[in-house]
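Summary of the model geometry
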Amino acid sequence: MTITTEAETRTAIRTCPLCEAGCGLEITVKGDEVVRIRGDRDDVFSHGFICPKGSTLKQLREDPDRVRTPLIKRDGQFVEASYDEAFHEIAQRLLPILDAHGRDSAAIYIGNPTAHNLGAQLFGRFVIRALGSGNMFSASTVDQRPKEISSALMFGGGLTIPVPDIDRTDYLLMLGANPYASNGSLATAPDWPGRLEAIRARGGRLVVVDPRRSRTAEVADEHLFIRPGTDAFFLMAIVQTLFSDGLVTAERIGTVHEYVTGLDEVERLSKPFTPEAVAPITGINADTIRRVAHELADAPTACVYGRIGTCTQEFGTLASWLVDVINVCTGNLDSAGGAMFTKAAAGASNTRGTPRVGRGLRLGRRHSRVRGMPESMGELPAVVLAEEIETEGEGQIRALITMAGNPVCSIPNGGGRLDRAFATLEFMVSVDIYVNETTRHADVILPVPDPLSKSHYDLALLQLGLRNVANYSPPVFPLDDEQPDEWEVLARLALVLQGMGADADPATVDDLAIRSLVEHAVADETSPVHGRSVDEVLDELAPRTGPERLLDFMLRTGPYDLTLDDLIANPHGIDLGALEPRLPDVLRTPSGMVELAPEPLVGDMARLERALDERSAAGDAGFVLVGRRDLRSNNSWMHNLSVLVKGKPRCTLHLHPDDAARLGLDTGAPAEVRSRTGAVTIPVEVTDAIMPGVVSIPHGWGHDLDGVQLSIAATTAAGVNSNLLADEMLFDAISGNAVLNGIPVTVTAQ
Ligand SMILES: Nc1nc2c(c(=O)[nH]1)N[C@H]1C(S)=C(S)[C@@H](COP(=O)(O)OP(=O)(O)OC[C@H]3O[C@@H](n4cnc5c(=O)[nH]c(N)nc54)[C@H](O)[C@@H]3O)O[C@H]1N2
Ligand SMILES: Nc1nc2c(c(=O)[nH]1)N[C@H]1C(S)=C(S)[C@@H](COP(=O)(O)OP(=O)(O)OC[C@H]3O[C@@H](n4cnc5c(=O)[nH]c(N)nc54)[C@H](O)[C@@H]3O)O[C@H]1N2
Ligand code: SF4
Ligand SMILES: [Mo]
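Treat the numbers as computed from the prediction; the structure is a model and nothing was measured.

The rules behind the values
Residues numbered from 1 in each chain as written. Chains lettered and ligands numbered in written order. Predicted model: local features only at pLDDT ≥ 70, side-chain atom pairs only at ≥ 80, totals over all residues. Heavy atoms only, no water. Helix = DSSP H or I, 4+ residues; strand = E, 2+ residues; numbered from the N terminus. Rg over C-alpha atoms; globule rule 2.2 N^0.38 Å. Buried < 20%, exposed > 50% of the residue type's maximum accessible area, 1.4 Å probe, protein only. Contact = heavy atoms within 4.5 Å. Areas by Shrake-Rupley, 256 points an atom, 1.4 Å probe, with all protein chains shown as cover. Lys, Arg positive; Asp, Glu negative; His and termini not counted. Charge placed at Lys NZ, Arg CZ, Asp CG, Glu CD. Near = heavy atom within 4 Å. Polar contact = N/O pair within 3.5 Å; in protein donor to acceptor, adjacent residues only side chain to side chain. Domains from an automatic or database assignment. Buried area = accessible area lost by both parts, 1.4 Å probe. Salt bridge = Lys/Arg side-chain N within 4 Å of Asp/Glu carboxyl O. Axes fitted to C-alpha atoms, helices over the stretch in contact; angles between N-to-C directions. Parallel < 35°, antiparallel > 145°, perpendicular 65-115°, else oblique. Left-handed = near helix turned anticlockwise from the far one by under 90°. Nonpolar A, V, L, I, M, F, W, Y, C, P; charged D, E, K, R; others polar. Patch = residues over 30% accessible without salt bridge, like charges linked within 9 Å, V, L, I, M, F, W, Y side chains within 5 Å.

**Things to note about the overall build of the protein**
Regarding its fold elements, the protein presents 25 helices and 29 strands. Whereas a compact globule of 750 residues would reach a radius of gyration of roughly 27 Å, the protein reaches 25 Å, a difference of no more than 12%. Projected onto its principal axes, the C-alpha positions of the protein cover 75 × 65 × 60 Å. Counting the 750 residues in the protein, one finds 62% classified as buried. In the protein, of all internal contacts separated by at least 6 residues, the share reaching a separation of at least 24 is 74%. Roughly 27100 Å² of accessible area belongs to the protein as shown, and the carbon and sulfur atoms make up 49% of that amount. For the protein, the distance from the average site of its 69 positive side-chain charges to the average site of its 102 negative ones is 2 Å.

Here's what the structure looks like:
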């Protein structure tokens, strides 16, 4: 027995991996236990800010339901196994399916936590490559794919997304985002609430456009209720006003004007979308639209920021594009207080290669087998996954690998059609930490360490920082003897898929990964290691291995000449300064210009014009459903932590008082909500914070399914799965992205 003494207490510094804010945590550890987690006051970016989820890394680590040992399903029951046994099972059962039916017969689905996970980001790609299937899916097509597409078309990179410089702006127009709950998205910064309040404190103005009066809308100077799914109309009317009122001038646009093509085309496209024409569709009156357009143009600095509400809708790519069109037209792209480009320390495609040279984005290089939906960025839209499993014929999906994803709770009709389709799979592997709604279908579950046993660097999200920051955290705890790191699990899985056998050494994948990265760099004229010997560079990186070696090399060849040792010496992060103008060098478009009117988007405008006519003619359409997020929740997977789910139930139906009165419903009463795809019964919460005719249910709930091993979530905090109602037949045509908001539903008292 060991007696723990005061001397064994230590403090570890670690970035929180739970959301995009990336707060610094100060973790007090005694022996192998977490004693306390609080915000790291010395973190260069978060300065001590933390939300209620940050400290729950302790509960997550200790959760008895978290899977710690590989599981193999035998006669319908999971039994514990070693990693060796689990990989042998995969080799024995998956490879024959691939041999008999081809590589497309297995699909991969990659979920959201991958974006916050260094090992998974660097090694997940080898699983994809080794499988070699065209059936590649991820949570991106139920989220930000429209913004990635509009950014790739306009600026030449899917992650070359301008972020709102909220720390310096005088005017922020925010659509479809609720950072008081989400802590910000595609715009990385801790303490969004503090930063938004600072806009107002310095005399600036915050305007929020949302069908709900969210927490963010509540603190704003102005909140505009908008009919769900109509942001593209609203934004186009702002563009129309800017042009027709003579506000778009070379002088206002400034030096950026030199690097912009397509302004005339945008002006032409905007003509039918007068404020008067879109007012009845959006529910925002024409005078208000005109005023907002003028305010944006006249403010010393201003910025439009749109997030998930503007992406997960029928015109998601157009809305995402128009956000940046307005930023350009009002002279607010690439200048302080406007929409700016981050210059990340590692991994950004817009700091590699030759400025103003790019290949452009090609959409729809192939199409899905059943519905003919276009591929984007190497993936098929998640809304086609169920039908690709169900529909017989060549290319039918018979096997599935999920990595950090819970599509049953996350994809339209996930709780219904997709769940039933998963039950028919011949074989399924999940790399995950819980037996949940999705992974209960798996034949093999490969667990990975908890976050505190993994190192961390936000390779993707720091590319969208509201400041240039670099921050690395080593693991707080060592791995248990039997437990491989997440990257090793993925590397071994890749080797199995390649037919190298279940016992192959993951180090071979690691060595290949770094070698190919170095080979590319020494061949690249713009790289600082251009022309050097590969082996010499590899020697310099020794003895590091795994994600650390790859990260070190990325930092060394990045724009700041940093090394991993520099980051290790600075556990609170390195602040590389406020964002600075990056045009034109940030561009990687074929024209070397900001392409304001890319052909695919111009083409898609016909759809918006048609809808302008049709919707003006249509009357009141009945109820539509939108989602919402809660600060104490994180998509579908943290409801098993009692500290986060205690208190009053959060999975409720928000209903406007007028609608409630008409339907005879009161707070607490059960209502049935029904869509084309399914129905749920859910307690009502009457609130005037939602528009009449709109109802809201948060996603990520519905845990009380057979086979789920979540003792708290499945019993005391089950909720209902809103993705029984979201419809897989509704999508944004150009991106294939799911429509998650504006789902037609009926509501009845039970
Ligand atoms: N109706 C509706 N649906 C939505 C949304 C909405 O607003 N409305 N939002 C959409 C959005 S934005 C997103 S991003 C998606 C999310 O969709 P998904 O990514 O499919 O779902 P998550 O709930 O994030 O599930 C994450 C999974 O990863 C596991 N996990 C957690 N940590 C780790 C780890 O470190 N390693 C591994 N290997 N696994 C881990 C969890 O146990 C869980 O199974 O949902 C989408 N679905
Ligand atoms: N606490 C917490 N934080 C999270 C997450 C979480 O689940 N919980 N998830 C993380 C993930 S994966 C993501 S992608 C981000 C998302 O981050 P945000 O984009 O900030 O997401 P939400 O908080 O859902 O805010 C979206 C808002 O859009 C509104 N909305 C719905 N439909 C429309 C519409 O048609 N038009 C407009 N203008 N608004 C609309 C909703 O009412 C809601 O208030 O949050 C991340 N952070
Ligand atoms: S805001 Fe996000 S990153 Fe910060 S503590 Fe909360 S969950 Fe973690
Ligand atoms: Mo997301």
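Next comes the rest of the description.
**Brief notes about the side chain of N135**
Among the structural elements, N135 can be located in the loop between α3 (118–131) and β7 (136–138). The residues touching N135, leaving out its near neighbours within four places in the chain, are D104, A106, A107, I108, L380, G395 and I397.

**A closer look at the site of ligand 2**
Around ligand 2 sit 31 residues in total, of which S182, D210, G229, D231 and S633 are the nearest. The contact in question runs from an oxygen atom of ligand 2 to an N or O atom on the side chain of R212, over 2.8 Å. Surface burial for ligand 2 is 97%, taken as the share of its 920 Å² of free accessible area covered by protein chains. Elements that contribute at least two residues to the shell around ligand 2 include exactly α5 (179–182) and α13 (308–311). Three or more residues apiece are contributed to the shell around ligand 2 by two domains, here domain 2 (157–354 + 583–604) and domain 3 (622–749).

**A word on the domain arrangement of the protein**
Interfaces are often described in size by the accessible area the parts lose on coming together. Once the domains are mapped, the protein shows domain 1 (9–62), domain 2 (157–354 + 583–604) and domain 3 (622–749). Taking only C-alpha atoms, the centre of domain 1 and the centre of domain 3 are 30 Å apart. If you look at the interface, domain 1 gives seven residues, while domain 3 gives nine residues. Buried area between domain 1 and domain 3, summed over both chains or domains, comes out near 760 Å², and the portion from carbon and sulfur atoms is 77%. A per-residue breakdown of the area domain 1 buries against domain 3 is headed by L18, P52 and K53, which together make up 56% of the total. Applying the counting criterion to the domain 1 and domain 3 interface returns zero salt bridges. Put simply, domain 1 and domain 3 have two residue pairs in polar contact (both at pLDDT 80 or more) between them.

**Side note on the packing of helix α11 (residues 275–282) against helix α23 (residues 599–617)**
Here α11 crosses α23 at 60 degrees, and the two axes come no closer than 9 Å. Between α11 and α23, the interaxial angle falls into the category oblique. In this structure, α11 meets α23 at a crossing whose hand is left-handed. Of the residues in α23, those in contact with A277, V278 and I281 of α11 are A611, L612, R615 and S616. Here the residues of the contact of α11 with α23 are counted per class, giving five nonpolar, one polar and one charged.

**Comments concerning the environment of H101**
In this structure, H101 sits in helix α2 (residues 83–101). In this structure, the C-alpha to C-alpha distance between H101 and I397, residues 296 residues apart in sequence, is 9.3 Å. Side chain to side chain, H101 and R398 meet in a polar contact 3.4 Å long.

**Looking at a negative patch on the surface**
Taken together, the side chains of D32, E33, D480, D481 and E482 define an acidic patch exposed on the protein surface. Among the secondary structure elements, E33 is positioned in strand β3 (residues 33–39). Taking relative accessible area as the criterion, E33 reaches 46% and is therefore assigned partly exposed.

**Re helix α4 (residues 145–155)**
α4 sits mainly inside the fold: eleven of its eleven residues count as buried. Buried within α4 we find R145, P146, K147, E148, I149, S150, S151, A152, L153, M154 and F155. Where α4 is buried, its residues touch α13, α14 (316–329), β22 (594–595) and α23. Just past α4, the residue G156 takes up positive phi, approximately 100 degrees.

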